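# Chain and residue survey
Single-letter residue listing:
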Amino acid sequence: MQAYTGFAQVYDAFMDNIPYDEWATYLIGLLKENGVEDGLIADLGCGTGSITERLAKAGYDMIGIDNSEEMLAIAQEKKMDYFDEFEDAAEDDELAETDKRLGILYLLQDMRDFELYGTVSAVVSICDSMNYIMSEEDLLKVFKLANNYLESRGVFIFDLNTMYKYETILANNTIAENREDCSFIWDNYYYKDERVNEYSLSIYVRDEELEEELEEEGIFKRFDETHYQKAYSLDTIKRLLEEAGLEFVTAYDAFTKEPAKETSERIYIVAREQHQDNKFYTK
C-alpha cells in the first residue's frame, strides 16, 4: 500500500475542485440515518484530514488514520491553523465552545493493521482509500479490524471507485494541470485482467527557498510517484464483509440514495457490526 510523499505537498492545492463540504454533508447524512448522531469515529485513509476535520466540526470526536507521515503532518498543520483562528476570536464564547468540540487525534498507521484503544461508533473511509488495498486477503483484514473496533451495531461506511470508472474514464488517459507554483502530469494505465489501475505521477513544486538562495525565479523540484488502485465488484465486497462478520446494509450510487448501478463511477457501501460471541462490549 503506497503512501503519498512529494504529492502530499500539493495534494490540497490540486484537490480544491473536490466539493468536500458536499461530500461531508452526504456522509453525515448516512451516519445519522444509521443511528450515529454523535460519538467517536475512525477515519481510515484520512490523508490531509479534509473529511476528518469536517466531521469534527459537525460534533463527532475523530481519529484520523493514515500511513503517510507527510499527509498527516499537513493534517496536523491544518488543525493548528483552525485552533489559531479561535485564539484570535477568544472573546466569542460560541466560537470558543466550538473550538473545544473539535476533537481530532491523528495516528500514523496502516489501515491493514490499525490499532485503537477501544471501540468507536463508526468507521468511515472516503476518497477511494479502500481501492488502495491490493488484495482480497488484505481487504478482509481491514473489514475484520473495522468490525472488531465497532461498538454494538456500529456502522462502517466507505466508498470505492468502480470497475466502470477505471475501464471507461481513467484507463490509459493522461490528466495534467499547470499552476503558477505547482503542476502535475498523471498517466493512467489499466490492467484489465488484474483489475488494477496504475497512477504514474510527475509533480513539480516551486522551490522558493532555492529561488531566494540563487536569486533566480522559476526553479521547481520534481517528484515522481507510482500508485496502484484495485477495482472490486460489489459481489466481492459483499462476500468479504460477510466473511468479516459484518452485515451488508446497502450500496448507493455516490451522493444519491439510488442503488449502485453498472455505470456508477463511485459507490458508497454501508455495513453494520453484528453481535460477536467472543467480543467484549462496553454497552
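Residues numbered from 1 in each chain as written. Predicted model: local features only at pLDDT ≥ 70, side-chain atom pairs only at ≥ 80, totals over all residues. Heavy atoms only, no water.

### Some remarks on a negative patch on the surface
- Residues Glu208, Glu209, Glu212, Glu213, Glu215 and Glu216 make up a contiguous surface patch of negative charge.
- Positionally, Glu208 belongs in helix H8 (residues 208-214).
- By relative accessible area, which is 52% here, Glu208 ends up exposed. (Patch = residues over 30% accessible without salt bridge, like charges linked within 9 Å, V, L, I, M, F, W, Y side chains within 5 Å. Areas by Shrake-Rupley, 256 points an atom, 1.4 Å probe, with all protein chains shown as cover. Salt bridge = Lys/Arg side-chain N within 4 Å of Asp/Glu carboxyl O. Lys, Arg positive; Asp, Glu negative; His and termini not counted. Charge placed at Lys NZ, Arg CZ, Asp CG, Glu CD. Helix = DSSP H or I, 4+ residues; strand = E, 2+ residues; numbered from the N terminus. Buried < 20%, exposed > 50% of the residue type's maximum accessible area, 1.4 Å probe, protein only.)

### Structural notes on the packing of aromatic side chains
- Under the criterion given, the structure shown has 12 aromatic pairs.
- Connected via pairs of aromatic rings, a cluster forms that spans Tyr20, Trp23, Tyr26, Phe255 and Tyr268.
- When the ring centre of Tyr232 is taken as reference, the NZ or CZ atom of Lys230 above it lies at 6.0 Å. (Phe/Tyr/Trp six-rings, centres within 6.5 Å; stacked < 30°, edge-to-face > 60°. Lys NZ or Arg CZ within 6 Å of the ring centre and 35° of its normal.)

### Thoughts on the sheet that holds strand E8 (residues 196-206)
- If you walk across this open sheet you meet the four strands as E6-E7-E8-E9, and the pairing is antiparallel. Both outer strands of the open sheet, strand E6 (174-178) and strand E9 (220-230), are each paired with one neighbouring strand and no more. Strand after strand, the sheet turns through a mean of 10° between neighbouring axes, direction not considered.
- Bridge analysis of E6 against strand E7 (residues 182-191) gives five bridges, and the strand direction is antiparallel. By the bridge assignment for E7, Thr174 is matched with Asp187. (Pairing = 2+ DSSP bridges. Axes fitted to C-alpha atoms, helices over the stretch in contact; angles between N-to-C directions.)

### Observations concerning the packing of helix H6 (residues 136-149) against helix H9 (residues 234-243)
- Contact pair H6 / H9: the axes reach a minimum separation of 9 Å and the direction vectors enclose 50°. Between H6 and H9, the angle is such that the two are oblique. In terms of crossing hand, the pair formed by H6 and H9 is right-handed. Across the interface between the two elements, Glu136, Leu139, Leu140, Phe143 and Lys144 of H6 pack against Thr236, Ile237, Arg239, Leu240, Leu241 and Glu243 of H9.
- Across the contact of H6 with H9, the residue classes tally to six nonpolar, one polar and four charged. (Parallel < 35°, antiparallel > 145°, perpendicular 65-115°, else oblique. Left-handed = near helix turned anticlockwise from the far one by under 90°. Contact = heavy atoms within 4.5 Å. Nonpolar A, V, L, I, M, F, W, Y, C, P; charged D, E, K, R; others polar.)

### Quick look at the pairing of strand E4 (residues 120-125)
- The element E4 is extensively covered by neighbouring structure, given that six of its six residues are classed as buried.
- Bridge count for strand E1 (residues 40-44) against E4 is three bridges, and the pairing is parallel. In the sheet register, Ile41 faces E4, and the bridge partner there is Ala122.
- Of the pairings in the sheet, the one linking E4 to strand E5 (residues 150-161) comprises five bridges and is parallel in character. Within the sheet, the bridge partner assigned to Ala122 lies in E5 and is Val155.
- Handedness of the crossover joining E4 and E5 through H6 is recorded here as right-handed. (Right-handed = clockwise from strand over helix to strand, strands pointing away.)

### Considerations on the pattern of salt bridges
- Summed over the entire model, instances satisfying the criterion amount to 14 salt bridges.
- One salt bridge connects Asp138 with Arg112, and the closest N-O pair in it is separated by 3.4 Å. Within this pair, whereas Asp138 is found in helix H6, its partner Arg112 is found in the loop between strand E3 (104-108) and E4, the two being separated by 26 residues in sequence.
- Among the residues examined, Asp138 registers a relative accessible area of 17% and is labelled buried.
- On the accessibility criterion, Arg112 (24% relative accessible area) is partly exposed.
- For Lys261, the salt bridge goes to Asp253, with nearest N and O atoms at 2.8 Å.
- In this structure, a network of salt bridges that share partners links the residues Asp110, Arg112, Asp138 and Lys141.

### Some thoughts on the sheet that holds strand E10 (residues 246-253)
- One open sheet accounts for seven strands, arranged E3-E2-E1-E4-E5-E11-E10; its pairing is mixed. In the strand order of this sheet, the two ends are held by E3 and E10, each with one partner. The mean inter-strand angle of the sheet, taken between neighbouring strand axes irrespective of direction, is 15°.
- In this sheet, strand E2 (residues 61-66) lies alongside E1 in parallel orientation, the contact comprising five bridges. From the neighbouring strand, Asp43 faces E2, where its bridge partner is Gly64.
- Helix-sheet contacts for H6 involve E1, E4, E5, E10 and strand E11 (266-273), and the interaxial angle to E5 is about 150°.

### Regarding H9
- Buried residues of H9: Thr236, Ile237, Leu240 and Leu241, and no others. In an axial view of H9, the angular spread of the buried residues amounts to 130°, which keeps them on one side of the axis. Among the exposed residues of H9, those pointing more than 90 degrees away from its buried face are Asp235 and Glu242.
- Buried-residue contacts for H9 involve H6, E5, E10 and E11.
- Looking one or two places after H9, you find Gly245, whose phi comes out positive at around 90°. (Arc of directions from axis to C-beta.)

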